[in-house]
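Structural features, examined
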Amino acid sequence: MKTDVLVIGGGIAGAATAYYLATEGVDVTLVEATDLNTQASGANAGSIHVQIQHPEFVGLGPEWARAYGPTLRLLIESQRMWLGLSAELGVDLDVSLAGGLLVATTPEQMRQIEAKAGIEREFGVPIEIVDRAGLQRLAPYLADNAIGAGFCPLEGKANPLKATPAFAAAAQRCGANLLTHTRILNVEAAGIGYRVTTGSGTIEAGRIVNAAGAAAAGIAGMLGIDIALQGVPLQVTVTEPVAPLIPHLLYSAAGKLSLKQARNGSCLIGGGWHARRLADGRLVTNPAHLAGNMTNAANLVPSLGQARAVRSWTATVNGTEDWRPIIGEVPGHKGFFLSLFPWVGFSAGPITARLTADMILGREPHVPLEGVSALF
Ligand SMILES: Cc1cc2nc3c(=O)[nH]c(=O)nc-3n(C[C@H](O)[C@H](O)[C@H](O)COP(=O)(O)OP(=O)(O)OC[C@H]3O[C@@H](n4cnc5c(N)ncnc54)[C@H](O)[C@@H]3O)c2cc1C
């Protein structure tokens, strides 16, 4: 078969790119090795992040945070897109953007939050510093030892089980061709385009979007392109439903944690805790990390100590060391685009796809990518 644009990967980056291209009348085919939304995009914790993640700020420092700063503009724009996505795609995506709270229990943590907020504000992220009295009003469910927080009013959550399928269905309605259970085995340059070998035949593509998430480096490698992207196994845990308690996205400055309550009352608990990869490649939950994650959650919201964890799961996130996204056409490989936003690629899925589609359409990207994408 032949297609103008072949999108590789049926996660949020690929499905949304296919959608934005199909709405513009582009002949686009999406190929997915298994089913849509089965990897990171369907297995993540559903946080809509905008602010710099606290553990990275502490670990990598203010210089790194300033270098990462321009990327925050993409997250701000993506958040704005999330606000309208349910209406645009015709599916309730459970989007709730009631704000994110990074909670401190020591003066030293408060100082780090304030330093981080100073940098975030330079790049347009609104962060309010909340003292203990303010915190008691805003989030009375927090532990008594919470002394203050940084509050980012843009942040929140959406439902990972719904977002990518909604993009894919909308893409299909607009004319995109979706091929599931079609694994890319090889890609080679052919004339002015590419010849792509799949498990079920050959595809001639004018252009390619590599949106294969954690597997994207392997696909780029088929053309001799080296990208610094690794797959990192993570785990998330969900509790039984409890009464409505937590409207915010919560983080702890005391340790790795992201915590939110889904619409059905379950609390999703994650924050970048690593899972274990067995020798045969399968991922399993790391029990010590599960305990650490649950302890951080119960320390922040004591009543969660009573909630039973009903399930933990694992998935591989697409990570880069410097956290920079890799979006754009690869120099020297005309028509071969990368559409990769590491670590928080669910939050950034809409803007990653929009920017990729802009470049394929030959338009100025919605948000400038200089100093943002590792390709510019
Ligand atoms: C446990 C966990 C929790 C997370 N929590 C959050 C969060 O709360 N908020 C947030 O913003 N981000 C979060 N993330 C990160 C986020 O989920 C990812 O960055 C994002 O989903 C990446 O989307 P993607 O479409 O690029 O990749 P994916 O969703 O991984 O999709 C890539 C697709 O490519 C397909 N593919 C791979 N190889 C081939 C091939 N050879 N041929 C055809 N298809 C192929 C795969 O099957 C897959 O479906 C989390 C990640 C994990 C793992």
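Anything mentioned here points back to the structure above.
The notes below deal with the structure included here. (Residues numbered from 1 in each chain as written. Predicted model: local features only at pLDDT ≥ 70, side-chain atom pairs only at ≥ 80, totals over all residues. Heavy atoms only, no water.)

**A look at the overall build of the protein chain**
The number of helices and strands found in the protein chain is nine helices and 20 strands. Compactness check: the protein chain gives a C-alpha radius of gyration of 20 Å against a globular reference of 21 Å for 376 residues, within 12% of the reference. Considering only C-alpha atoms, the protein chain reaches an extent of 65 × 40 × 40 Å along its principal axes. Residues classed as buried in the protein chain amount to 55% of the 376 residues present. Considering only contacts in the protein chain between residues 6 or more positions apart, those separated by 24 or more positions represent 71%. Summing over all exposed atoms, the protein chain offers an accessible surface of approximately 15,000 Å²; the carbon and sulfur share of this is 54%. Seen as two clouds, the 27 positive and the 30 negative side-chain charges of the protein chain have centres 5 Å apart. (Helix = DSSP H or I, 4+ residues; strand = E, 2+ residues; numbered from the N terminus. Rg over C-alpha atoms; globule rule 2.2 N^0.38 Å. Buried < 20%, exposed > 50% of the residue type's maximum accessible area, 1.4 Å probe, protein only. Contact = heavy atoms within 4.5 Å. Areas by Shrake-Rupley, 256 points an atom, 1.4 Å probe, with all protein chains shown as cover. Lys, Arg positive; Asp, Glu negative; His and termini not counted. Charge placed at Lys NZ, Arg CZ, Asp CG, Glu CD.)

**Section: the sheet that holds strand S5 (residues 128-131)**
With mixed pairing, eight strands are arranged side by side in an open sheet as S5-S6-S4-S13-S14-S15-S12-S18. Because the sheet does not close on itself, it has two edges, and the strands there are S5 and strand S18 (309-319). If you compare each strand with its neighbour and ignore which way they point, the axes differ by 25° on average. Where strand S12 (residues 230-239) meets strand S15 (residues 267-270), two bridges bridge the pair, whose relative direction is antiparallel. Considered in S15, the bridge of Thr237 is made with Ile269. Packed onto the sheet, helix H4 (residues 107-122) meets strand S4 (100-104), S5 and strand S6 (148-152) and runs at close to 145° relative to S4. (Pairing = 2+ DSSP bridges. Axes fitted to C-alpha atoms, helices over the stretch in contact; angles between N-to-C directions.)

**Points about helix H8 (residues 287-300)**
Given 3.6 residues per helical turn, the α-helix brings residues three or four places apart onto the same face. Counted at 1.5 Å a residue, the expected span for H8 with its 14 residues is 20 Å, and the 20 Å between its end C-alpha atoms agrees. Within the sequence span of H8, burial applies to Gly292, Asn293, Asn296, Ala297 and Leu300. On an axial view of H8, the arc spanned by its buried residues comes to 130°, and they lie on one face. In H8, the exposed residues that point more than 90 degrees away from the buried face are Pro287 and Ala288. Looking at the buried residues of H8, the elements they touch are S4, strand S13 (249-252), strand S14 (258-261) and S15. (Expected span 1.5 Å × (residues − 1). Arc of directions from axis to C-beta.)

**Quick look at the nonpolar core**
If you look at the biggest cluster of nonpolar residues, it comprises 64 residues, and the most contacted ones within it are Tyr20, Tyr68, Leu74, Trp82 and Phe167. Secondary structure elements with two or more residues in this core: strand S1 (2-8), helix H1 (12-23), strand S2 (28-31), helix H3 (54-89), H4, helix H6 (160-173) and helix H9 (349-360). Counting the residues that make up this core, at least three belong to each of domain 1 (1-97 + 157-229 + 321-376) and domain 2 (98-156 + 230-319). In this structure Phe167 touches Ile12, Ala15, Ala16, Tyr19, Tyr20, Leu85, Leu89 and Pro350, once residues within four positions along its chain are discounted. The next biggest cluster of nonpolar side chains, apart from the first, holds 23 residues, and it includes Leu6, Ile219, Leu229 and Phe336. (Core = buried A, V, L, I, M, F, W, Y, C linked by side-chain atoms within 4.5 Å. Domains from an automatic or database assignment.)

**Concerning the pattern of salt bridges**
Following the criterion strictly, the structure yields 14 salt bridges and no others. Its salt-bridge partner being Asp94, residue Lys162 comes within 3.0 Å of it at the nearest N-O pair. Of this pair, Lys162 sits in helix H6 while Asp94 sits in the loop between H3 and S4, placing them 68 residues apart in sequence. The exposure class assigned to Asp94 is buried, which follows from its relative accessible area of 16%. Across the salt bridge formed by Arg195 and Glu188, the nearest N and O atoms sit 3.8 Å from each other. (Salt bridge = Lys/Arg side-chain N within 4 Å of Asp/Glu carboxyl O.)

**Observations concerning the site of the ligand**
The local shell around the ligand holds 38 residues, among which Glu32, Ser41, Ile184, Asn318 and Ser347 are the closest. With respect to the ligand, the backbone of Ile12 contributes an N or O atom lying 3.2 Å from an oxygen atom. For the ligand, an oxygen atom lies 2.6 Å from a polar atom in the side chain of Ser347. Alone, the ligand offers 1,000 Å² of accessible surface; in the complex the protein occludes 94% of this. Secondary structure elements with two or more residues in the shell around the ligand: H1, helix H2 (40-43), S12 and S18. Its residues placed into classes, the shell around the ligand shows 21 nonpolar, 15 polar and two charged. If you count residues domain by domain, the shell around the ligand takes at least three from each of domain 1 (1-97 + 157-229 + 321-376) and domain 2 (98-156 + 230-319). (Near = heavy atom within 4 Å. Polar contact = N/O pair within 3.5 Å; in protein donor to acceptor, adjacent residues only side chain to side chain. Nonpolar A, V, L, I, M, F, W, Y, C, P; charged D, E, K, R; others polar.)

**So, H6**
Compared with the 20 Å implied by 1.5 Å per residue over 14 residues, the 21 Å span of H6 between its first and last C-alpha is a close match. All buried positions along H6 are accounted for by Pro160, Ala163, Thr164, Ala166, Phe167, Ala168, Ala170 and Ala171. Contact partners of the buried residues in H6: H1, H2, H3, strand S8 (177-179) and H9. Sitting at the head of H6, Asn159 places a side-chain oxygen 2.9 Å from the backbone nitrogen of Leu161. Where H6 terminates, the next one or two residues include Gly175, which has phi positive at roughly 110°.

In short, geometric facts, not functional conclusions.
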